[in-house]
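In case you want the letters, here they are:
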Amino acid sequence: MQLLNTLIARAVPFIPRSIVQRLSRRYIAGATIEETARRTRQLNAQGFCVTLDVLGEGISTMREAQATAEEYMHLLETIRTQGLRADISVKPSALGLLLDVAECEGLLDQLLASAKAGGSSVCIDMEDASCTQLEIDLFTRLRSRHDNVSIALQAYLQRSYRDIEPLVGLGFPLRICKGIYLEDRQHLVADAWNRRAAINPHFLKHVARCFETDTFVAIATHDESLIDQIIELIRRNGIDTARFELQMLLGVCEPLRDRLLRMGFTVRVYVPYGADWYAYSVRRLKENPRIAGHVARALLGF
Ligand SMILES: Cc1cc2nc3c(=O)[nH]c(=O)nc-3n(C[C@H](O)[C@H](O)[C@H](O)COP(=O)(O)OP(=O)(O)OC[C@H]3O[C@@H](n4cnc5c(N)ncnc54)[C@H](O)[C@@H]3O)c2cc1C
């Protein structure tokens, strides 16, 4: 069955859009702000915080970057007027980082000011290694003007050991994740290129570094054994629950997510939405062959 699922996962791009859309409801809130606000209200009512992401990474003009920023502005307005317990996550490349750094920074300035007015904040997602330095520099400049911005660091990158130091030194809030991009082996911590579990000790060290330096940390992973080790670290060191939160993607490992909430931790769900739902859904379905099994059943009726 595993082999069949893997084969189906590879065939996902050829599956009819209507079926991908039905399956992707689990991973994305929808195509519009209204659907997203509804989903956010449901999650809030269950006790979860939310971070909202407008889908659309591959832009080629600053006009597209401005359109993405406008969508985020509407989203922040919705968060404010509806009193949602939500912040936003932003990929700087979707705001033109690789086209015009100064204009991208200007757009982020506007988003941060608007988020602040609504009592919300912005997390800068970390993208592939070609963006790492640009995004850290961008974040550092933004942080000098805004206190409601944070950034993600990826435990699979060797350089994160260097990158984290000035950030924790200044008490900047961080999100630690494993990292999702296919990177050149030379950038990665040992064995990470062929063994995902090899990233875990590094992830744990970065989280521990945040605790040592009193830095607020968002712990973004679905890896249960890693989460158990982090909980053990928290208990051993008597870390206050206000100093961290756990984060997971919408639709992924929900029983674990619910258990962590019941344990009294703050859990934030990363909720993507937008017109670009198709490309995102295909990526998620390819990542998870088990979901591809549902595709097979939907297609073949078994
Ligand atoms: C809130 C949040 C924010 C993130 N931000 C960034 C970012 O800014 N930059 C970046 O590079 N990456 C980001 N990521 C992605 C992250 O780096 C990982 O690639 C991704 O979360 C999978 O790694 P994992 O830690 O869950 O561990 P893994 O070892 O990859 O997975 C552990 C287990 O979780 C389950 N699982 C994991 N992912 C999925 C999935 N998509 N569908 C179904 N099951 C799954 C599987 O059961 C798997 O065995 C983010 C992830 C989260 C949750």
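Cut-offs and rules
Residues numbered from 1 in each chain as written. Predicted model: local features only at pLDDT ≥ 70, side-chain atom pairs only at ≥ 80, totals over all residues. Helix = DSSP H or I, 4+ residues; strand = E, 2+ residues; numbered from the N terminus. Expected span 1.5 Å × (residues − 1). Pairing = 2+ DSSP bridges. Axes fitted to C-alpha atoms, helices over the stretch in contact; angles between N-to-C directions. Contact = placed C-beta atoms within 7 Å. Buried ≥ 20, exposed ≤ 12 C-beta atoms within 10 Å, placed from the backbone.

## Observations concerning helix 9 (residues 224-236)
Reasoning step 1: Along its 13 residues, helix 9 runs 18 Å from first to last C-alpha, staying within 8% of the 18 Å computed at 1.5 Å per residue.
Reasoning step 2: Just downstream of helix 9, Gly 238 is the residue with a positive phi angle, here 55°.

## Structural notes on the sheet that holds strand 7 (residues 244-249)
Either a parallel or an antiparallel arrangement is found when strands of a sheet pair, and the pairing is made through backbone hydrogen bonds.
Reasoning step 1: Strand order in the closed barrel formed by eight strands is 1-2-3-4-5-6-7-8, with parallel pairing between adjacent strands. Strand-to-strand twist of the sheet, defined as the mean angle between neighbouring strand axes without regard to direction, takes the value 30°.
Reasoning step 2: The strands touched by helix 8 (residues 200-212) within the sheet are strand 4 (149-154), strand 5 (174-177) and strand 6 (217-220), with strand 5 carrying the most contacts at an inclination of about 165°.

## Regarding the pairing of strand 2 (residues 86-90)
Reasoning step 1: The element strand 2 is largely enclosed, with a buried count of five among its five residues.
Reasoning step 2: Side chains Ala 86, Ile 88 and Val 90 project from strand 2 onto one buried face, and the interleaved Asp 87 and Ser 89 project onto a second face that is buried too.
Reasoning step 3: Of the pairings in the sheet, the one linking strand 1 (residues 49-54) to strand 2 comprises four bridges and is parallel in character. Across the sheet, the residue bridging to Val 50 is Ala 86, located in strand 2.
Reasoning step 4: Bridge analysis of strand 2 against strand 3 (residues 122-124) gives three bridges, and the strand direction is parallel. In the strand pairing of strand 3, Ile 88 is matched with Val 122.

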